Amino acid sequence: MNRFLKNIALALLFLCLTMTGSASAYALDVIQVRFGLHNEKTRMVLDLSDVSDFRVFALSDPYRMVIDLPGFNWKAGSVVKPPQTGISDVRQGPLQPGISRIVFDMKNAVSVKSAFLLPAQNEKSNRLVIDFTSASPQEFAADKGKIFGTLRVSDDTAPGQETTLAGSPANDLLGIDSPPIPPRKSFGKKPLIIIDPGHGGIDPGAPGPSNLREKDVVLALGLELKKQLLATGRYRVMMTRDKDEFIRLADRVKFARNNSGDLFVSIHADSVHKANIRGASVYTLSQKASDAQTAKLAEKENKADLIAGIDLSTEDEQVANILYDFAMTDTMNQSKFFANTLVDRMKSGGVSTLDNTHRYAGFAVLKAPDIPSILIESGFMSNASEARMLNQTNYRSKMASSIRSGIDAYFEHVRLTQNN
Ligand code: ZN
């Protein structure tokens, strides 16, 4: 088929996909990936249906080369990769709304020398051209952080963002194959809610008046929430802890993932120097905290493991991956949607809330890449009257019931989205 006919065929296919309302139809097609082998470099050419912004960079541990493009349809089939290219595998898929990613797993370090776009000309289609060479680890280190192209990606995952998935071994956590709605892992079963009462054991959390401690207050609230959720008959519930014991942050996330949780709800109670500050707030994950106070809060909560004398740098690799890696995918959007729903229900349920009730911060327990996760600061231990309220059965019951109502609304949304 000559290129003209092929283009028409592709245009028709695109039209069909658009008309049937398929969500997989993007404006851009990646038509083919091919290689030119030279002595001094390897040239990779991506034939594209259109001129396009792009971004190319290399990662280590293990070595990978990454191409980000606006959302694309993969028409390139399985890529033929000559052994000399050093490529062991090619993966691709949506990274976040509007952005898709191609990952080339490399056998050795590579150095990207140049990347540029050539618009269609004569017989040739639009092409993204990338020249790369193999590199020594030293050469790789020298090139670290180099990014070719100008594609803007929010919640950046490129090198230089050290807390993100850049340079991480967790290929399977790149989130590149996530569908728009997180798959219901408990398909055919009731959704599984993971309740995560913060702190515990040797980590008391924030202190309150009259020897009240965050770890006790949040456990009681977690147990009340569990009771209310089970009473609806609509959910299964598991708790990361249901007694006064210390659990590492990473193990909380691991627990949720190992059990294929559908929703992760971490419960805390904050503390600040200003004793008059009070009200509940809901947090979702972000690398950038909403404000300085929020950043400080995340830092404090993330120190739970240090309190127990655990040095994360000695953690096994898998745990480290889970902690430091998260996919910037639809899970984040699901979490945000859930958080906003929850805030509504809290406000209408008579729970006192902070201004800007939904906030963002880098809490370690929210980093499961595939489970919508939120952290509730149910109130302030540092506010004597709120701490006492949190210690009362009736206020806890009111708080738990607004959380339960938020969870109901969230799963109603999931049900509706998946049924059409
Ligand atoms: Zn806490």
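Structure's up top.
Caption draft 1: Quick peek at the sheet that holds strand E8 (residues 110-118). A sheet is described by the order of its strands in space; here five strands give the open sequence E5-E1-E2-E9-E8, paired in mixed fashion. What marks the edges here is a single partner per strand, and that holds for strand E5 (72-74) and E8. If you compare each strand with its neighbour and ignore which way they point, the axes differ by 30° on average. Bridging between strand E1 (residues 28-37) and E5 involves three bridges; their strand directions are parallel.

Caption draft 2: Local environment of the nonpolar core. With 38 residues, the main nonpolar core has Ile193, Met399 and Ile407 as its most contacted residues. In terms of residues, this core owes the most to one element, helix H10 (residues 393-418), which gives eight residues. Setting aside residues no more than four positions away along its own chain, Ile407 makes contact with Ile193, Leu229, Tyr235, Leu263, Val265 and Phe338. Of all hydrophobic cores here, the second largest spans 31 residues; its members include Phe35, Val90, Val112 and Leu128.

Caption draft 3: Structural view of the sheet that holds strand E3 (residues 55-59). Read across the open sheet, the four strands follow the order E3-E4-E7-E6; overall the sheet is antiparallel. A strand with exactly one partner marks an edge of an open sheet, and here the two such strands are E3 and strand E6 (87-96). Between one strand axis and the next, the sheet turns through 20° on average, direction left out of account. Where E3 lies against strand E4 (residues 64-70), five bridges are found, and the strand directions are antiparallel. For Arg55, the partnering residue across the bridge sits in E4 and is Asp68.

Caption draft 4: Region of interest: the packing of aromatic side chains. Throughout the structure, instances matching the rule amount to seven aromatic pairs. Note on Tyr283 and Phe363: the rings are 5.3 Å apart at their centroids and 80° apart in plane angle, and the pair reads as edge-to-face. Linking Tyr283 in strand E13 (residues 280-285) with Phe363 in the loop between strand E14 (353-361) and strand E15 (373-380), this pair joins segments that are 80 residues apart in sequence. A single burial state applies to Tyr283 and to Phe363, both of which are buried. Ring centres 5.0 Å apart and planes at 80° place the aromatic pair Tyr410 and Phe411 in the edge-to-face group. For the pair Tyr410 and Phe411, one class covers both residues: buried. Grouping aromatic residues by their ring pairs yields a cluster made of Tyr235, Phe337, Phe338, Tyr410 and Phe411.

How each quantity is defined
Once a new chain begins, its residue numbering starts again from 1 and follows that chain's sequence as written. Selection of residues for local features in this predicted model requires a pLDDT of at least 70, selection of side-chain atom pairs for listing and counting requires 80 or more, and totals for whole chains, interfaces and linings are taken over all residues. Hydrogens are left out, water is left out, and the side-chain values use all remaining heavy atoms of the structure. In short, DSSP must find at least two bridges between two strands for them to pair. Helix and strand assignments come from DSSP, with helices taken as H or I runs of at least 4 residues and strands as E runs of at least 2, each series counted from the N terminus. Axis geometry follows a simple rule: fit a line to the C-alpha atoms, using only the stretch in contact for helices, then measure angles between N-to-C directions, giving values from 0 to 180 degrees. In this description, a nonpolar core means a group of buried Ala, Val, Leu, Ile, Met, Phe, Trp, Tyr and Cys residues linked to one another through side-chain atoms lying within 4.5 Å. With a 1.4 Å probe rolled over the protein chains alone, any residue whose accessible area is under 20% of its type maximum counts as buried; one over 50% counts as exposed, and the rest are partly exposed. In what follows, a contact means two residues having at least one pair of non-hydrogen atoms within 4.5 Å. Each Phe, Tyr or Trp ring (for Trp, its six-membered ring) is paired with any other whose centre lies within 6.5 Å, and the angle between the two planes then decides the class: stacked below 30 degrees, edge-to-face above 60, tilted in between.

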